[in-house]
Amino acid sequence: MRCSPAALLAGSLMAGALLLHPAHAGELAVLSVKTWEDFVPKGKEVDAIYGDIVLRNDKIVVVIANPVPGRHANMTVRDVGGSVIDLTLRDHPNDQLSAYYPGARRFPYQLATVSAQGHAATNPAAETARDGDNISLSASNGKLPGEVGAGQAVLRGDVIALECLAPATVDRPEVRLTYTLREGQDFVEIRSEFRNTAEKLLQLAPVDDFRADRTFQSSPPGETDLVWAYDKWWGQAYGVVAPETAMRLSGSPAEPRVIEFLSGGKLTRELAPSQTLTLERRFFAARDLIAVRAAAARLHGDADLYPHRLAIQDARGEAIRDADVQLLLDDKPYGHARTNEDGQLLMELPPGRYQIEVQPLGRSAKLDFVVNPGRPRTEQPLPIQFPAAPRVVAEIRDADGKPIPCKVQFVGVDGTPNPYFFHETGEHAVHNLYYAHDGRFTQEIPAGTYDVLVSYGPEYDAEKLRIVAKAGEDVPLRATLRRVVQSPGWVSADFHSHSSPSGDNVSSQRGRVLNHLCEQIEFAPCTEHNRLDTYVPHLKALGVEDRMGTCTGMELTSVPGTVNHQNAFPLVMKPRTQDNGAPERDLDPEVQIRRLALWDNKSDKLVQQNHPDMGEVFFDRDGDGVPDGGFKGMFEYQDVIEVHPHWDVLSMQPFRKATDNRTKITLAYNNSIFNWLQLLNQGRRIPGVVNSDAHYNFHGVGWIRNYVKCATDDPPKIDPLDIVHAAEHGHIVLTNGPYLEVTLLEGDATAAAGGSLATPRRQAIPGDEIALPGGYATLHVRVQCPNWFDIDRVQVLQNGRKDAKLNWTRSSNADAFSKDVVRFERRIPLEFREDTHVIVVATGENLQLGPIMGPEHGRDHPTAISNPIYVDADGGGFKPNGDTLGHPLPVKGGKKVEP
């Protein structure tokens with residue numbers, strides 16, 4: 001096979017495309033820099049990278065993961081080589097598939113051949129495109145030859161195919177897996193040929209694994225001639241048909257995944273030597289479940305389908321999009337769908353008696369109709385008109401009259417239920433929230449009375465307004481958000497959150513950015529599980545680059561989860577490669593954290609130990625309850641450590657209890673914030689941080705954050721390395737709301753509380769060490785809160801212990817507290833006779849954050865904690881006192897206890 005020069009090749013391909021090939025001919029491309037923009041599909045769950053193989057025609061686009069070892073789509077969708085990782089319609093690009101595994105990951109596939117057949121076949125390795133070519137390119141060492149293999153050219157034909165091979169072993173047959181896409185075909189054919197090359201009888205249980213996760217409804221477990229999955233929220237559906245084989249779906253009713261292919265009602269077959277078993281199935285995408293059923297009927301040879309078009313609009317004459325449609329056939333559930341952008345739904349239906357229920361937001365209507373066999377197959381209209389829904393027209397501004405990001409919460413009152421706009425994986429509209437990146441939006445809402453809570457994080461007063469939404473009316477929503485808390489030189493940051501690319505959730509990443517943005521998180525690295533990624537495209541698309549600083553990072557995640565999860569940022573992203581260039585996880589936590597810390601040629605970065613069991617990490621490696629030194633090899637690479645939940649720090653309890661709702665078993669877990677205080681006394685000077693670890697978008701972030709010392713208050717000017725260095729030095733205050741300022745000033749201990757300082761000379765902020773040979777200092781504590789939560793206690797901890805003389809409560813010291821923005825401010829004289837680390841806690845011990853933070857975190861106590869200031873009382877360098885605070889040092893937690 002002779003290869004032409006690149007210029008001649010490009011010219012011949014263009015000529016072939018224009019002159020010889022009908023638009024619906026199939027195409028096969030290896031994804032590369034050259035082919036990416038044209039061939040990669042669109043959708044929230046796209047996992048394609050360079051080297052993956054795309055098959056497409058005018059109906060569908062299918063991405064087959066490059067069949068090489070180590071090809072993973074994400075953290076949980078692993079070993080995808082040779083599997084379908086993306087599938088969507090060409091006219092409605094919207095991939096939501098996690099993966100379809102032919103063989104359920106039991107066979108390690110290798111690339112064998114790609115081919116094109118038919119009158120439109122074009123050989124990209126020839127100088128000219130000849131009508132009637134049948135082309136087959138064979139892989140060598142897993143790679144295709146020539147320009148196709150290099151991703152520089154495209155294979156075209158009426159029939160295109162990709163074949164993978166899993167070699168036989170002593171106990172496993174050889175498997176040839178073939179994907180075929182034909183001209184005008186709206187499904188991909190998947191063919192597995194199992195051949196026993198051994199000299200003994202082999203047992204074979206043919207199964208596939210179908211990953212359509214979380215937001216999907218699925219076929220119920222059991223035997224079926226159609227396996228389906230439908231996501232009404234994100235508007236995508238999938239179907240599997242095996243024309244000559246019975247199928248059985250197994251797994252939980254909530255998430256069945258495994259498709260078993262039966263013979264005579266049995267799964268397991270015997271393959272004699274040289275015997276072959278062939279399994280064929282059809283895999284396809286559709287916009288909804290009704291369309292899936294129609295496609296399956298055609299594949300089963302049933303052409304007795306009749307078109308009906310549902311068209312709905314409101315009394316204004318406006319189309320109603322995303323209305324929920326449920327269809328019953330002869331009183332049994334048949335299909336589920338949503339109207340499109342034009343308020344329409346095209347349905348192809350078999351004969352029968354139907355009931356259709358249409359539910360736009362806050363409204364409902366039913367319609368009965370009959371599809372009679374034998375009537376003309378002309379499209380039948382089904383028009384429905386609804387009352388016009390109320391529309392909230394919002395315009396939220398700051399004190400200067402400029403649009404401002406905000407979170408708007410609609411709470412039903414006087415018998416009105418909360419609205420439910422969208423699933424918690426959503427973007428702007430999530431449950432009863434609207435995240436407005438510029439303060440302006442229009443949102444339909446069911447008629448009723450609502451309290452509307454408008455907020456922008458804990459530095460701004462929130463506004464509460466009551467609206468009455470009446471059918472057909474536009475309801476103006478105007479609010480002004482005023483910044484009352486001042487935080488010069490400190491920025492709010494969340495170092496740990498997730499979205500769909502992480503693989504353990506399917507939340508929109510843009511929704512995650514909107515969460516950060518509308519809660520006034522000023523710096524947030526992108527930290528997906530086991531993958532490097534970036535928020536920058538979302539910030540640019542929203543036009544809000546000036547509102548939030550960011551950088552690429554990751555969470556390197558393995559087992560055990562109590563030890564072997566670490567975040568790092570900034571890191572260098574290599575887009576469209578495996579994991580975007582991230583390091584691989586490791587089952588050894590010491591190996592993993594070292595790999596992460598030294599990644600990118602030992603670049604400067606922050607390495608964070610995530611949600612640890614501190615007893616296991618630092619003291620009890622094998623979990624036998626006997627201290628053994630823990631994972632010592634991790635210690636030098638840990639820059640900061642997560643210590644949340646932090647709001648019960650003053651309880652000084654070594655354990656927190658949690659009961660599993662399913663098993664009713666109660667476990668005692670190590671209390672991270674208390675263990676951290678113990679650690680500090682043992683000389684582990686590791687700064688504490690708190691982060692949301694958010695996975696979903698309903699109040700996902702904002703309920704907890706770090707304030708980090710920074711050279712700029714302008715988010716787009718934040719240098720990630722400034723954040724790194726400040727965090728490494730412990731210049732951090734941990735909070736879920738209150739803004740706490742703590743400064744230790746060298747000075748005469750006789751300076752009265754609230755009085756002037758006596759000639760201050762030096763000062764320290766959280767994370768600093770300060771030598772005070774004279775032993776005297778003044779601690780300046782200041783706490784600010786907006787109008788939607790409060791504090792009622794301030795406590796100074798010295799070496800982790802509470803001193804009753806350094807404790808103020810609103811009930812006992814009312815004069816120390818205020819109802820103004822500055823809730824507490826005091827200059828506290830201190831005398832040090834020994835080395836002491838000083839931590840300040842400001843908390844609403846008897847209070848809650850309240851409804852601004854939603855039903856879960858609204859119950860949390862508003863609490864801020866400073867990182868320690870280390871006081872060297874004798875000038876000889878700080879020495880820890882070893883105090884374990886009245887309890888043994890922790891060993892591995894998670895012990896079963898009585899409730």
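Here is a short report on the structure shown in this document. These numbers were taken from a predicted model, which means no experiment stands behind them.

Let us now look at helix 11 (residues 720–728). When we look at burial in helix 11, the residues that qualify are Pro720, Ile723, Val724, Ala726 and Ala727. Next to the buried residues of helix 11 lie strand 37 (490–493), strand 39 (565–569), strand 40 (606–609), strand 41 (640–642), strand 45 (705–709) and strand 46 (732–735). Two to three positions downstream of the cap, the backbone nitrogen of Leu721 sits 2.9 Å from a side-chain oxygen, assigning the N-cap of helix 11 to Asp719. Following helix 11 by one or two positions, Gly730 adopts a phi angle in the positive range, close to 80 degrees.

It is worth spelling out the state of the cysteines at this point. Counted according to the given criterion, the structure contains 0 disulfides. Just so you know, Cys406 is unpaired, no disulfide at all, and the nearest cysteine sulfur is the one on Cys518, 6.2 Å from it.

Now for empty space enclosed by the protein. The final tally for this structure, using the stated rule, is 2 cavities of 30 Å³ or more. For the lining of the largest cavity, the secondary structure elements donating two or more residues are strand 13 (207–211), strand 16 (227–231) and strand 19 (256–262). In terms of residue count, strand 16 provides more of the lining of the largest cavity than any other element does, 3 residues in total. For the lining of the largest cavity, a count of residues per class yields 7 nonpolar, 1 polar and 4 charged. Volume-wise, the second largest cavity comes out at about 30 Å³. Counted by class, the lining of the second largest cavity contains 2 nonpolar, 3 polar and 4 charged residues.

A separate point is the sheet that holds strand 50 (residues 776–784). Sheet strands pair by backbone hydrogen bonding; their relative direction is either parallel or antiparallel. Across the sheet, which stays open at both edges, the 4 strands sit in the order 48-47-50-53 with antiparallel pairing between neighbours. Two strands in the sheet have a free side with no partner beyond their single neighbour: strand 48 (763–764) and strand 53 (822–831). In the sheet, strand 47 (residues 739–746) pairs with strand 50 via 8 bridges, with the strands oriented antiparallel. Paired with Val742 across the bridge in strand 50 is Val781.

We now examine the pairing of strand 24 (residues 332–338). Burial analysis of strand 24 places 5 of its 7 residues in the buried class, the great majority of the element. Here strand 23 (residues 324–329) pairs with strand 24 via 6 bridges, running antiparallel. What sits directly across from Leu328, in strand 24, is Pro333. From the end of strand 23 to the start of strand 24, which pair antiparallel, there are 2 residues, and Asp330 there has a positive phi angle of about 50 degrees.

Evaluation of the coordinates by the stated rule reveals 26 aromatic pairs. By the ring-pair criterion, three or more aromatic residues cluster together here, those being Tyr100, Phe210, Phe216, Tyr238 and Phe283. Lying over the aromatic face of Phe261, Arg281 brings its terminal NZ or CZ to 5.6 Å of the ring centre.

Take the pairing of strand 47 next. Each regular strand carries side chains that alternate between the two faces of the sheet. For strand 47, the buried fraction is high: 7 of the 8 residues fall into the buried class. Where strand 47 meets strand 48, 2 bridges bridge the pair, whose relative direction is antiparallel. Its bridge partner being in strand 48, Leu744 is matched across the sheet by Ala764.

Quick look at the layout of surface pockets now. Taken as a whole, the second largest pocket spans an internal volume of roughly 980 Å³. Around the second largest pocket, the lining is made up of 35 residues, and of these Gly43, Lys44, Val46, Gln509 and Asp533 lie nearest the centre. Those elements that place two or more of their residues in the lining of the second largest pocket are helix 2 (36–39), helix 5 (509–518) and helix 6 (536–542). Class assignment for the residues of the lining of the second largest pocket results in 12 nonpolar, 11 polar and 12 charged.

Right, let's talk about the side chain of Thr863 for a bit. Counting through the fold element by element, Thr863 comes out in strand 55 (residues 863–866). Looking at Thr863, its side chain comes within polar contact range of the side chain of Thr843, at 2.9 Å. With residues up to four places along the chain from it excluded, the contact list for Thr863 reads His646, Trp647, Leu734, Thr735, Asn736, Pro738, Val841, Ala842 and Thr843.

Right, let's get into the sheet that holds strand 27 (residues 365–371). Taken in spatial order, the 4 strands make up an open sheet running 24-23-26-27, and their pairing is antiparallel. Strands at the two margins of the open sheet, each flanked by one partner only, are strand 24 and strand 27. Sheet twist, expressed as the mean angle between neighbouring strand axes with direction ignored, is 20 degrees. In this sheet, strand 26 (residues 352–359) lies alongside strand 23 in antiparallel orientation, the contact comprising 6 bridges. What sits directly across from Gln326, in strand 26, is Glu357.

Rules used throughout
Positions within a chain are numbered from 1, following the residues in the order the chain's sequence is written. Only residues with pLDDT of at least 70 get local features here, since the model is predicted, and only at 80 or more are side-chain atom pairs given and counted; chain-wide, interface and lining totals rely on the full set of residues. Processing note: side-chain calculations cover all non-hydrogen atoms of the structure and skip hydrogens and water entirely. Three exposure classes are used, based on accessible area relative to the maximum for each residue type with a 1.4 Å probe and protein chains only: buried under 20%, partly exposed in between, and exposed over 50%. Where helices and strands are cited, they refer to DSSP runs of H or I of at least four residues and of E of at least two residues respectively, numbered from the N terminus. Every residue pair with non-hydrogen atoms within 4.5 Å of one another is taken to be in contact. Nitrogen and oxygen atoms within 3.5 Å of one another constitute a polar contact, given that in protein one can donate a hydrogen and the other can accept it, and given that sequence-neighbouring residues count only through two side-chain atoms. Sulfur atoms of two cysteines make up a disulfide when they are within 2.5 Å. Points on a 1 Å grid, built from protein atoms alone, make a cavity when a 1.4 Å probe fits but cannot get out and make a pocket when they are open with protein on both sides within 12 Å along at least 5 of 7 lines; residues with an atom within 4 Å of a point are the lining residues. Grid points are joined across faces, edges and corners, and a volume is the space filled by probe spheres set on the points. For this classification, the nonpolar set comprises Ala, Val, Leu, Ile, Met, Phe, Trp, Tyr, Cys and Pro, the charged set comprises Asp, Glu, Lys and Arg, and every other residue, Gly included, is treated as polar. A strand pair is defined by DSSP finding two or more bridges across the two strands. Ring pairs are drawn from Phe, Tyr and Trp, using the six-membered ring of Trp, whenever the two centres fall within 6.5 Å, and their geometry is named by plane angle: stacked under 30 degrees, edge-to-face over 60, tilted for the rest. Here, a charge over a ring is recorded when the distance from Lys NZ or Arg CZ to the ring centre is within 6 Å and its angle to the ring normal is within 35 degrees. Only C-alpha atoms enter the line fits that serve as axes; for helices the fit covers just the stretch in contact. Angles between N-to-C directions range over 0 to 180 degrees.

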